[in-house]
Amino acid sequence: MATFFIGLVILFVGAALYGRLCEKVFGPDDRQTPAYAKQDGVDYVPMRGWKNSLINLLNIAGTGPILGPIQGILFGPIAFITIPIGNVIGGAMHDYFSGMICLRDGGTQMPEMINRYTNKAITWIYRVFICFMLLLVGAVFIYTPGDIAATQVLGFSGLATDPKTWIVYGVIFAYYLIATIFPIDTIIGKIYPIFGAILLFSAVGVFAGLLIKGYPLVNVWSDWNSGLIFRYGDYFGANHFIPTFFVTVACGILSGFHSTQTALVSRTVKSEKQGRMTFYNMMILEGFIAMVWAAAAMGVYNLGLQEANPALATGTVGIVCKDLLGSVGGFIALLGVIVLPITSGDTALRALRLSIAEMFHIDQTKVGKRLGLSAVLFALVIAILVWAKTNAQGFAILWRYFAWSNQVLALFAFACIAVWMFENGKAKFAWMPLIPGVFYAFVTMSYIFNAKIGFNCPWNVAYIIAAVLSVAYMAVIIVSGKKRQNAQIKAL
C-alpha cells in the first residue's frame, strides 16, 4: 500500500505547488467577471464559490474516474504514480487555464476560445468534433448510470428487451432535459449540493474502507506477478502501456471534455481569484477519486473477489461498494457512482446547446427557443443510445470512440493555452501546456493509427506516424504563438 500513499502525496503536494504556479502565471485580478457584466438570470448567474466548485466537480467527474482506473489498474501499481503526476501537470493545468481564459474572455464557450486563438479551419474542425463528442458523452452518461441503477440497485435485467431498462433511461433523460433547459441556478444550483454529499460519502467511504479492511495492494518495487492471482507484469508487457493506459484511464489524468464544463462554469464565477479552487483543485479531487477506485479494484482482484477483466468493470463497482461498506453504506456509495455520470451528462448537453447557439447565433433567452434546440439534440442522443443498446458491439464501439475523442479534445485546448501565453507576454511558460499536449498528441495518434476502430496499422508504424504528427503539432503551436507575440509587440 506504500506506493498508493506515495501517489497521494504526489497528488496533493504537487497540486499545492503546481496549482500556485498556474495561478501566478495566469495572474487573476479583481476585474468584473461575466457573471455580473452579462448577468441574464439563465446562464450568466453569480453563484457562491463553494457552489461553483461543487458544480464543476460534479460536471467533470463522470464514469471516467471510476471505470477508467478500474480497467487501468490492470497495468499494475505504476498507475498509482502516473495518475497523480499526469493529473497535476496535465489535467488540472488544462482545466484551470481553459476555465480562466474563457472567464477572462467574457464567459465564452470552447468553440469561441478555439476561434479566438487558432484559425477558421481549425475552429470548424473543432466545432464538428465537439458536437460529436458531447453527443457521445450524453449517450454514454445515460447508458452507464442507467445500467448500474437497473442491474445493481433495482435488480432488473438491464437488457434492451426489458421495458424497465428503458424506463430507467427515461427518468435520467427527463432530468437531463429539465437541467438543460432551465436556468443553471434553478435546477443544477439547487440539486447539486445533495448530489455532492452523496459523492463525498462514496469517495471518502471507499477510501476509509480500503484502510480499515486492509485491501492488499502491490507496490511498484515488488514482483508484479509472483504470488498474485492476477499477473500485472504480464498484462503490462502485452498491452502497450503507452498509449493504451492513458486512453483507458482518461478522466482521472486528463479529459478534454472538462474544458467544455469549465467554460460553462466561467459564466457563474464571482471573482477570478476563485479560479484555482473552482477549476484546478476540483480536478485534483477527481484524481483522488481515480486513485481510490484504482486501489479498490486492485484489492478486489488480489482477493479473488472478481476476475480481473476490463469487461467486468461495472460489476467491480458493486463488489467494492458492498464489500467495503456493507449493504446500507454500499447502497449509498453506489448512488454516488450513479450520480457522477448523471451530473456530467446534464451539463454536457447544456454545453452542447450553448455551443451550437453561439455558432449559429440562436437566441436562448426564452424557454421555447431553448426547448426547440434541445429537442433536436436529444433526438440525436436517443438515436445513438438505441443503437448502442440494441447492437451487440454497440456500446463497446461507443465507449472506445468516446475515450479516444475525449483525449483528442484536450489537444485543442492545450494549443489555445500555449498561444494565449505567447500573446499575453507569458511565452516562457508555454512549456506548461506543450509538454502534456505533445505527449497526448503521441498517445492519441498512436492509439488511433493502431486501433481496429482506426487505421489498424502495426504498432511500429503507428508509433512513427504519431511521433511525426506530435512534432508537427508542437511546431505549429510555437510558430502560431510567436506570430501572435510579434503582432502584440508591434501593436505596442
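Criteria and thresholds
Residues numbered from 1 in each chain as written. Predicted model: local features only at pLDDT ≥ 70, side-chain atom pairs only at ≥ 80, totals over all residues. Heavy atoms only, no water. Axes fitted to C-alpha atoms, helices over the stretch in contact; angles between N-to-C directions. Helix = DSSP H or I, 4+ residues; strand = E, 2+ residues; numbered from the N terminus. Parallel < 35°, antiparallel > 145°, perpendicular 65-115°, else oblique. Left-handed = near helix turned anticlockwise from the far one by under 90°. Contact = heavy atoms within 4.5 Å. Nonpolar A, V, L, I, M, F, W, Y, C, P; charged D, E, K, R; others polar. Buried < 20%, exposed > 50% of the residue type's maximum accessible area, 1.4 Å probe, protein only. Arc of directions from axis to C-beta. Patch = residues over 30% accessible without salt bridge, like charges linked within 9 Å, V, L, I, M, F, W, Y side chains within 5 Å. Areas by Shrake-Rupley, 256 points an atom, 1.4 Å probe, with all protein chains shown as cover. Salt bridge = Lys/Arg side-chain N within 4 Å of Asp/Glu carboxyl O.

Glancing now at the packing of helix H3 (residues 49-60) against helix H13 (residues 275-303). Between two packed helices, what matters for the description is the angle formed by their axes and the separation of those axes. For the pair H3 and H13, the least separation of the axes is 9 Å and the interaxial angle reads 45 degrees. Between H3 and H13, the crossing angle belongs to the class labelled oblique. The element H3 and its partner H13 pack so that their crossing is right-handed. Within the contact between the two elements, H3 uses Gly49, Asn52, Ser53, Asn56, Leu57 and Ile60 and H13 uses Met277, Thr278, Phe279, Met282, Met283, Leu285 and Glu286. Looking at the contact of H3 with H13 residue by residue, the class counts come to seven nonpolar, five polar and one charged.

All of the buried residues along helix H6 (residues 110-117) are Met110, Pro111, Met113, Ile114 and Tyr117. With its buried residues spanning 160 degrees around the axis, H6 presents them on a single face. Among the structural elements, helix H5 (79-104), helix H7 (120-153), helix H12 (257-265), helix H14 (313-360), helix H16 (394-423) and helix H18 (459-491) are those in contact with the buried residues of H6.

Before going further, it helps to examine a nonpolar patch on the surface. Nonpolar side chains collect at one region of the surface, where Phe201, Val328, Phe331 and Ile332 lie side by side and expose about 350 Å² of accessible area between them. Among the elements that take part in the nonpolar patch, H14 stands out by supplying three residues, more than any other. Here Phe201 is to be found in helix H9 (residues 188-213).

We now examine the pattern of salt bridges. Across all of its chains, the model carries 15 salt bridges by this definition. The partner of Lys369 in a salt bridge is Asp363, with the nearest N and O atoms 3.4 Å apart. Overlapping salt bridges bring together Asp29, Arg31, Arg104 and Glu272 as one network.

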